[in-house]
Structure formats: C-alpha cells, structure tokens
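# Observations on the model geometry
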Amino acid sequence: MTDTDGWFADATRDDEEGLAAAVREGSATEPRDWPREAVEAGFAADEDEYYDTLHAATTAATHAAVTELEQADDRQLVHAVRAMDDCRRTANELAERLAEWAGTVDSEAASGIEYARDLAASGRLEGEPGAKPITSLAARVVDLADEADDLREYVERQTPAAAPNLAALAGPVLAARLISLAGGLESLAKKPSGTVQVLGAEDALFAHLRGHASSPKHGIIYTHDAVRGTRSEDRGSASRALAGKLSIAARVDHYSGDYRPELEAELVERIETIQARAEGGGGDDAETGGETDD
Amino acid sequence: MTDPALPQGVERREISGTRRLATRGDPVYGEPTDGEWRAWNPQRSKLGAMLASGMDTGLEGGETERVLYLGAASGTTVSHVADFAGPTYAVEFAPRPTRDLLSVVDSRPRLFPLLKDARKPETYAHVVEADVDVIVQDVATRGQARVALENRRFLADDGRLLLAIKARSEDVTRDPDDVFADVLADLEGGDESEGGYEVLETQRLDEYHVDHLGVVARPR
Ligand SMILES: C[S@@+](CC[C@H](N)C(=O)[O-])C[C@H]1O[C@@H](n2cnc3c(N)ncnc32)[C@H](O)[C@@H]1O
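This section reports on the structure supplied with the text. These numbers come from a predicted model, not from an experiment. (Residues numbered from 1 in each chain as written. Chains lettered and ligands numbered in written order. Predicted model: local features only at pLDDT ≥ 70, side-chain atom pairs only at ≥ 80, totals over all residues. Heavy atoms only, no water.)

Moving on: the nonpolar core. W7(A), Y50(A), L68(B), L70(B), L161(B) and Y197(B) are the most contacted members of the largest nonpolar core, which totals 49 residues. Among the nonpolar cores identified, the runner-up in size contains 41 residues, and A170(A), A176(A), A250(A) and L267(A) belong to it. (Core = buried A, V, L, I, M, F, W, Y, C linked by side-chain atoms within 4.5 Å. Buried < 20%, exposed > 50% of the residue type's maximum accessible area, 1.4 Å probe, protein only.)

In structure tokens:
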C-alpha cells in the first residue's frame, strides 16, 4: 500500500485479516472517492457491497486495536514498572559492589552506573589482577541499567493508553507506580483519596503506628512537582489536593476512559493557589481560607 | 424562533409524555423509546442541543448524506446520526469508550468505527472517503480549531462543519467568550494550504451544556 492507495488496495474482499490490518496500519495523505475507486477496481461489485465490507473491516480492526490496548493496560504496566524498579535497584547495588572491588586496582574507582559504563567500554584494567571478572561485572551493570531505561520507555508509551488522565496529571511513570502500589487501576480507582495520598508511604505509616514517627503526609506522590515545589508548611495541602485530583483521574480512566484535559488545568490552578500563600499569606484566597492544615 | 427543518429521519415526537427529538434505531444509552423511535437527549449530546436550539445545521438526512464524526466517544450522538444519515465514519482515540461504540455499531451497518487520533488525519484518509457532506466535531480537547482545520480535507466544498467548542478544554482560567473568539478566529484563518472556514452561525449551548458554543461553518 502506498500513500495514495485506499485500505482495500492490497487485499481481496474475503481476506478479513488483511483488510483489518490495512485499516489499522495504512495511511494516505489525502482522502479520495474510495467507494467509487473500489468498485472500479473490481474490489466490490457495488457501493453497498463496498460499505458492507468496510463495516466488517473497520469493526474487526477497531475490536483488535481496543483489545490490544486494553491488554496493554494495567496488568502489563504493573509488571513493567516493578521490573523497571528492580532493574534500576539491582544495577545500583551491583554498581556499588563493583566500585568496592574495582577500588582495589583502580585509583579512580567510583560508585554509580557511569563508572561501570566507563569501565566496561574502556577495558582499561587490562593486566591488573581480577581485570576480567571486574570488567565483565561492569558490563552486566550496564546491561541492567539499559534494561531499566528500555522498561521506562515502555511504561512511558503504555501508561497514556491505559490511564490517559492519570498519566497526564502524574506523569506516566508515577502514574504507573501508583497503579502498581494499589494493585491495579480498578483498585486505585476505588481507593479514597486519603489512601492515595499515602500510597507508598506504608513503611512510614507503620513506623508511625508503632509510635516511632509522626504521621506521614504523603507517600510516593511526594516526588510530584506539585508537592516538591511547594514550601514545607504547605506540602500537606499540596499533597492532599494532588491526591484528590489523582483519585478523580483514576476513576475517569477506569470507568470511562475519556481524556479530560481540564483535570490537569484544575490541578495547576489549585497548586498555584496553594503556593501563592507563601507570598502575602494568601489573604485574597477565599477558597483555601477555610481549610485546616495538619 | 424560526425552526429550520429538522433533517429527514429526525422528528419531534411525544415520548413518555414529553415532546422530544427522536430518531429510529436500537436504543443505546437507556433513552426512552416509543416503538422504533428513541428519544435524543440534548443534555447528553451537543449536536442534539444544536438541533434543539434551532440552529440551521444544513443537515438533510437520508442514506446519501455522508458524515465524518470526530470524538465519537461511546456513541451517544453518533448513534443518532447513523440513524438518520448515510455512511458515517466515527473517529475516537480513547480505547475504553470505543469498546462501547463497537456495540452501537453492531446494529448500524453504515456506521464505521475508527480508533484514530483526529489530529492525525493521514492515519484514516485511506479509509474515510473524500467530500463528505458533514463533519461533526466534539473532541473536547485543546486545539479544537486545529482539529477542524486538519480535517477540512475530507469536507465537500459545499459541506458543513458542525462544531461544539468546549471553552474549558482550551483554557479553564479564561473567560469562555474570549476562548470562543480565539477559536473562531483560528477557524476562519486556517493556514495557507488548508484554507479556513466561514462561520455561518454560532450559538451558546448553555441551556444544555455549560460553556459550550455550537458553530455551523463551511469551507472557505
Ligand atoms: C465530549 S466527548 C464526545 C461525546 C460524543 N460526541 C457524544 O456526544 O456522544 C469527547 C471525546 O473526544 C475524544 N477525543 C479527544 N481528543 C481526541 C482526538 N485527538 N482524537 C479523537 N478523539 C478525541 C475523547 O476521548 C472523548 O471521548
């Protein structure tokens, strides 16, 4: 199929799979009078037959595309984001082990992935004792770090399909982590926003329950700019506002799947209001005036 | 208010004790029915609201009228369109509502679902035919004018664009009237290669949809 062909150009009318694939994957710069061209080319006997075939092909194509995207959704994401975090953590741990070991023969040894990358690429330990296993370990660290990057890319591509609103508000990676912590999009959608606010803070929460620490104000959402970029006195409000919007986003994603750009705009507005308190005490801000902070 | 003729296949009928717009087809969203007629709820449909408020949409109805519908969602409105018009292409890019759209399509042989992004017409120009009579657009996303301009290539020279502009999708913080003015200016401007639209009629749809503007336009 070229850029000037219709969806029916490369298949016959009984090739249902081929036609559905052409609907999904094809493209053209300009539309043309496809029904007439299809009849002229002998693809269909008349317009009625053409439209009947088009109905079957678009329905099959759309069904397949929807199924694929839905399967690519939360369960796949949960595994992918967990694997990504495991790869990253393991790469960092091994990089530390590598630094200790390489430090015995390399005066410039440093911990971190960059050092491993450098060592694996340069082979500069040649001739030193242990050069071979050390360099090989460095290569494994690099592989794991690259795997983590690839998984991150996968998560960034898939999250907007699985949870468009959550991805828009939280960013795709944090969105995937929240889904993972909740155990799926559905259970995230069913959690009250107070729970969303402390997801990932369970360790801190248990410490608090055992009497060791103060009540956690925010879980993993503390990594969001809306919280990080807010001065500490107002972080409680910021993370509560953020958690509220994220809960709404998760519900819209789970129950309807529509993308609602206004959610993001509302969040921005809300956070700006909270941050504005830092300047001038927010006296002109009636909406947040009645809110009590922890 | 003069009431321009409704398209063939759309009638005002008394259903469950109230006069309502109605089309003939399988029910889709729990709307009240009377025999084969089903009520078209303008509260749930911007095109329904445009018709209910007497806008001159230029819609004729009948099986030769061809429609490209952008932002079909789960099919509430496009199901009515397919009931009264001919071949109807329904573009929607979110998978979940499209799943519901598929069941709407089952009983409507001239309704064609497409899981595509309306900002990328090349991805469906090999399927959607040229010179459709009507483009209905209800995408509720930022850049509504751009979507209309990008899809102008599908519209016949004497065709109509029926557009619902949602102010909050462009900018929640601005006055809706300012947002509408900007979107209309963009529509009329267009870019060199695409050409713009001439706006024929606008009307606030607030009675049914807060901060929405209904627009009827034709290619310029
Ligand atoms: C207000 S809803 C449409 C409701 C529908 N027209 C009705 O009345 O039944 C807007 C829809 O546009 C879709 N949408 C937004 N941007 C889109 C795009 N670029 N391409 C296709 N669909 C889009 C959204 O996913 C959403 O389902």
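So, on to the site of the ligand. Surveying the vicinity of the ligand reveals 20 residues, the closest of which are Y69(B), T77(B), E92(B), A118(B) and D138(B). Bordering the ligand are residues originating from chains A and B. A distance of 2.9 Å separates a nitrogen atom of the ligand from a polar atom in the backbone of G71(B). One of the side-chain N or O atoms of T77(B) is found 2.6 Å from an oxygen atom in the ligand. Considered class by class, the residues forming the shell around the ligand number 8 nonpolar, 4 polar and 8 charged. (Near = heavy atom within 4 Å. Polar contact = N/O pair within 3.5 Å; in protein donor to acceptor, adjacent residues only side chain to side chain. Nonpolar A, V, L, I, M, F, W, Y, C, P; charged D, E, K, R; others polar.)

Where interface size is quoted, it is often the accessible area lost as the parts come together. Listed by partner, the interface residues are 39 residues for chain B and 47 residues for chain A. Here chain B packs against chain A, burying approximately 3300 Å² in sum over the two surfaces, 58% of which is carbon and sulfur. Of all residues in chain B, R96(B), R99(B) and H126(B) give up the largest surface area on contact with chain A, accounting jointly for 22% of the area buried on that side. Where chain B meets chain A, there are 4 salt bridges. The residue R110(B) makes a salt bridge to D52(A) at a minimum N-O spacing of 2.8 Å. The interface formed by chain B and chain A holds 19 residue pairs in polar contact (both at pLDDT 80 or more) in total. With 7 residues, the top contributor of residues to the side of chain B that touches chain A is helix α3 (residues 95–106) of chain B. (Contact = heavy atoms within 4.5 Å. Buried area = accessible area lost by both parts, 1.4 Å probe. Salt bridge = Lys/Arg side-chain N within 4 Å of Asp/Glu carboxyl O. Helix = DSSP H or I, 4+ residues; strand = E, 2+ residues; numbered from the N terminus.)

End to end, helix α14 (residues 261–276) of chain A covers 23 Å across 16 residues, agreeing with the expected 22 Å (1.5 Å per residue, within 8%). For α14(A), every residue scored as buried is listed here: P261(A), E262(A), L263(A), A265(A), E266(A), L267(A), R270(A), I271(A), T273(A) and I274(A). (Expected span 1.5 Å × (residues − 1).)

Residue and element names in this part refer to chain B. The 7 strands lie next to each other as β7-β6-β5-β8-β9-β11-β10, forming an open sheet whose pairing is mixed. Where the open sheet ends on each side, the last strands, each with one partner, are β7 (111–115) and β10 (197–204). Shown here is a sheet whose adjacent strand axes are inclined to one another by a mean of 15°, direction ignored. (Pairing = 2+ DSSP bridges. Axes fitted to C-alpha atoms, helices over the stretch in contact; angles between N-to-C directions.)

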